[in-house]
Amino acid sequence: MRLAYPSMSLGEVILAGLIPISVAGMLINRHLRQESQQREALIREQITVVESRHEELRAAYLEQEQTRVELRRKVTQLTALHQAGLLFSATLDRDTLLERVLETLTRDLHYDRAMVSMFDPLRAVIRHVRVIGA
């Protein structure tokens, strides 16, 4: 620069030489800022997707837990009914049978009270009512 412009002082030559460097630095800085903004936008988008998926999985887990609890309750009920059914072959005495069935059902199903009755279709009446817990 000093050869092309001999009237320039040494400080002016140094400043003139720094202008392209500072312009290049500004361009690089702008490029890095844009790249950083793009990465931040991508990270925000990924966070949104992950949070959405987390909510979906949480809802599915809660539904699965609800189903598991319901199935456990039904298995308990069916087991109690099966045990009550086994009592039918254990005794031939109707009063003893009805009492054992009621005791089994209230104990295994955690009921406070229960009732068993038999319907006579010929007479259209209920007979042999047994109640427990009332």
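To be clear, the structure that these remarks concern was listed above.
Residues numbered from 1 in each chain as written. Predicted model: local features only at pLDDT ≥ 70, side-chain atom pairs only at ≥ 80, totals over all residues. Heavy atoms only, no water.

Draft legend 1. Seen up close, the overall build of the protein chain. Broken down by element type, the protein chain carries two helices and two strands. Going residue by residue from the N terminus, the α and β elements of the protein chain occur as α-α-β-β. Scaling as 2.2 N^0.38, a compact globule of 134 residues should have a C-alpha radius of gyration of about 14 Å, whereas the protein chain reaches 43 Å, well beyond that. Seen through its principal axes, the protein chain has C-alpha atoms that stretch 130 × 25 × 25 Å. Looking at the protein chain as a whole, 13% of its 134 residues are labelled buried. In the protein chain, 28% of the contacts between residues at least 6 apart in sequence involve partners at least 24 apart. Of the roughly 11400 Å² that the protein chain leaves accessible, carbon and sulfur atoms contribute 61%. Computed over 18 positive and 17 negative side-chain charges, the separation of the two mean positions in the protein chain equals 1 Å. (Helix = DSSP H or I, 4+ residues; strand = E, 2+ residues; numbered from the N terminus. Rg over C-alpha atoms; globule rule 2.2 N^0.38 Å. Buried < 20%, exposed > 50% of the residue type's maximum accessible area, 1.4 Å probe, protein only. Contact = heavy atoms within 4.5 Å. Areas by Shrake-Rupley, 256 points an atom, 1.4 Å probe, with all protein chains shown as cover. Lys, Arg positive; Asp, Glu negative; His and termini not counted. Charge placed at Lys NZ, Arg CZ, Asp CG, Glu CD.)

Draft legend 2. Highlighting a nonpolar patch on the surface. A cluster of nonpolar residues, L10, I14, L15, L18 and I21, forms a patch on the protein surface that exposes about 520 Å² of accessible area. Positionally, L15 belongs in helix α1 (residues 10-90). Relative accessible area serves as the criterion here: at 57%, L15 is assigned to the exposed category. (Patch = residues over 30% accessible without salt bridge, like charges linked within 9 Å, V, L, I, M, F, W, Y side chains within 5 Å. Salt bridge = Lys/Arg side-chain N within 4 Å of Asp/Glu carboxyl O.)

Draft legend 3. Spotlight on the nonpolar core. The biggest cluster of nonpolar side chains holds seven residues, and these are A80, A84, L87, L97, V101, L105 and L109. With residues up to four places along the chain from it excluded, the contact list for L97 reads L87, F88 and T91. (Core = buried A, V, L, I, M, F, W, Y, C linked by side-chain atoms within 4.5 Å.)

Draft legend 4. Here's a closer look at α1. Given a rise of 1.5 Å per residue, 81 residues ought to cover 120 Å, and the 117 Å separating the end C-alpha atoms of α1 matches this to within 8%. Considered for burial, the residues of α1 that qualify are V13, A80, A84 and L87. Where α1 is buried, its residues contact α2 (94-108). (Expected span 1.5 Å × (residues − 1).)

Draft legend 5. Structural view of the pairing of strand β1 (residues 114-120). In this sheet, strand β2 (residues 125-132) lies alongside β1 in antiparallel orientation, the contact comprising six bridges. Bridged to F119 within β2 is I126. Counted along the chain from β1 to the antiparallel partner β2, the turn is four residues long, and its residue A124 has a positive phi close to 60°. (Pairing = 2+ DSSP bridges.)

Structural measurements only, silent on function.
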